[in-house]
Amino acid sequence: MTKNGIAVFKKMERYRVQLTCFLVFAAFLLSACAQTSPYLDEVGEKPIPPGIENQIHPNITTQNDVLALLGEPVARLKTTTKEGHVHFWTYSYMNLQGPSKGKGESLTITFDDKNFVVISVTRGPLYSGEEYKE
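Predicted model, so just to flag it, every value in this text is computed and none were measured. (Residues numbered from 1 in each chain as written. Predicted model: local features only at pLDDT ≥ 70, side-chain atom pairs only at ≥ 80, totals over all residues. Heavy atoms only, no water.)

Caption draft 1: Quick look at the side chain of Asp-112. Summarising the element assignment, Asp-112 is placed in strand 3 (residues 104-112). For Asp-112, which is buried and forms no salt bridge, the nearest opposite charge comes from Lys-114, at a distance of 6.6 Å. In terms of polar contacts, Asp-112 uses its side chain to reach the backbone amide nitrogen of Asn-115, at 3.2 Å. In this structure the side chain of Asp-112 is engaged in a polar contact, spanning 2.7 Å, whose partner is the backbone nitrogen of Phe-116. (Helix = DSSP H or I, 4+ residues; strand = E, 2+ residues; numbered from the N terminus. Buried < 20%, exposed > 50% of the residue type's maximum accessible area, 1.4 Å probe, protein only. Lys, Arg positive; Asp, Glu negative; His and termini not counted. Salt bridge = Lys/Arg side-chain N within 4 Å of Asp/Glu carboxyl O. Polar contact = N/O pair within 3.5 Å; in protein donor to acceptor, adjacent residues only side chain to side chain.)

In structure tokens, the structure reads:
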């Protein structure tokens, strides 16, 4: 009777281990398939608010003002000019959902190197590469 009891116990224990492994594996697979909206926004960053460029004024707005208004840019570039350096900050957004999927926009802000104030603000389309296909 002891042998049968041990055999049944081992069989149940093996079944529980297999069931647990299956559930962990299934949860792993399902979590890999799930994509939430914030994950999709990370790829294209957050949308640029309409008309925000009207709140950024050349020779008045500083880099700190822009950071408070828009947060960290997607890209920062510094280039040399005759007068010193110029800083370019780029904010961009690529729509990955809905009917306008693949459409995007960018906002590029140029700062001087001495006072770190805005020189210019340019808003335009962000090209996905689809425009260049023949």
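Caption draft 2: Structural detail: the side chain of Ser-106. With respect to the helices and strands, the residue Ser-106 is situated in strand 3. For Ser-106, a relative accessible area of 13% gives the class buried. Apart from residues no more than four positions distant in its own chain, Ser-106 is found in contact with Ile-48, Tyr-91, Ser-92, Thr-122, Arg-123, Gly-124, Pro-125 and Leu-126. (Contact = heavy atoms within 4.5 Å.)

Caption draft 3: Molecular detail of the pattern of salt bridges. For the structure on display, the rule yields 3 salt bridges. Glu-72 is paired through a salt bridge with Arg-76; the nearest N and O atoms lie 2.8 Å apart. Between Glu-105 and Arg-123 there is a salt bridge, with the nearest N and O atoms lying 2.9 Å from each other. Highlighted residues: Glu-105 in strand 3 and Arg-123 in strand 4 (residues 118-126), separated in sequence by 18 residues. Linked through salt bridges whose partners overlap, the residues forming this network are Glu-53, Glu-105 and Arg-123.

Caption draft 4: Spotlight on the nonpolar core. Core analysis: the largest hydrophobic core is formed by 11 residues, namely Ile-48, Ile-52, Ile-56, Val-66, Leu-70, Trp-89, Tyr-91, Leu-107, Ile-109, Phe-111 and Val-118. Ranked by residues supplied to this core, first place goes to strand 3 with 3 residues. Setting aside chain neighbours within four positions, we find Val-118 in contact with Ile-56, His-57, Pro-58, Asn-59, Thr-61, Val-66, Ile-109, Thr-110 and Phe-111. (Core = buried A, V, L, I, M, F, W, Y, C linked by side-chain atoms within 4.5 Å.)

Caption draft 5: Seen up close, helix 3 (residues 63-70). Of the residues making up helix 3, those classed as buried are Gln-63, Val-66 and Leu-70. For helix 3, the arc enclosing every buried residue in end-on projection is 60°, short of the 170-degree limit, so these residues lie on one face. In helix 3, the exposed positions angled more than 90 degrees off the buried face are occupied by Asn-64 and Ala-68. Buried residues in helix 3 make contact with strand 2 (84-94), strand 3 and strand 4. Note on helix 3: the residue one or two positions beyond its end, Gly-71, has a positive phi of about 85°. (Arc of directions from axis to C-beta.)

Caption draft 6: Looking closely at the sheet that holds strand 2. The 4 strands are arranged 1-2-3-4 in an open sheet whose pairing can be described as antiparallel. Looking at strand neighbours, the two that pair on one side only are strand 1 (75-81) and strand 4, the edges of this open sheet. The mean inter-strand angle of the sheet, taken between neighbouring strand axes irrespective of direction, is 20°. The pairing of strand 1 with strand 2 spans 7 bridges and is classified as antiparallel. Opposite Leu-77, over in strand 2, you have Phe-88 as the bridge partner. (Pairing = 2+ DSSP bridges. Axes fitted to C-alpha atoms, helices over the stretch in contact; angles between N-to-C directions.)

Nothing here speaks to function; it is all geometry.
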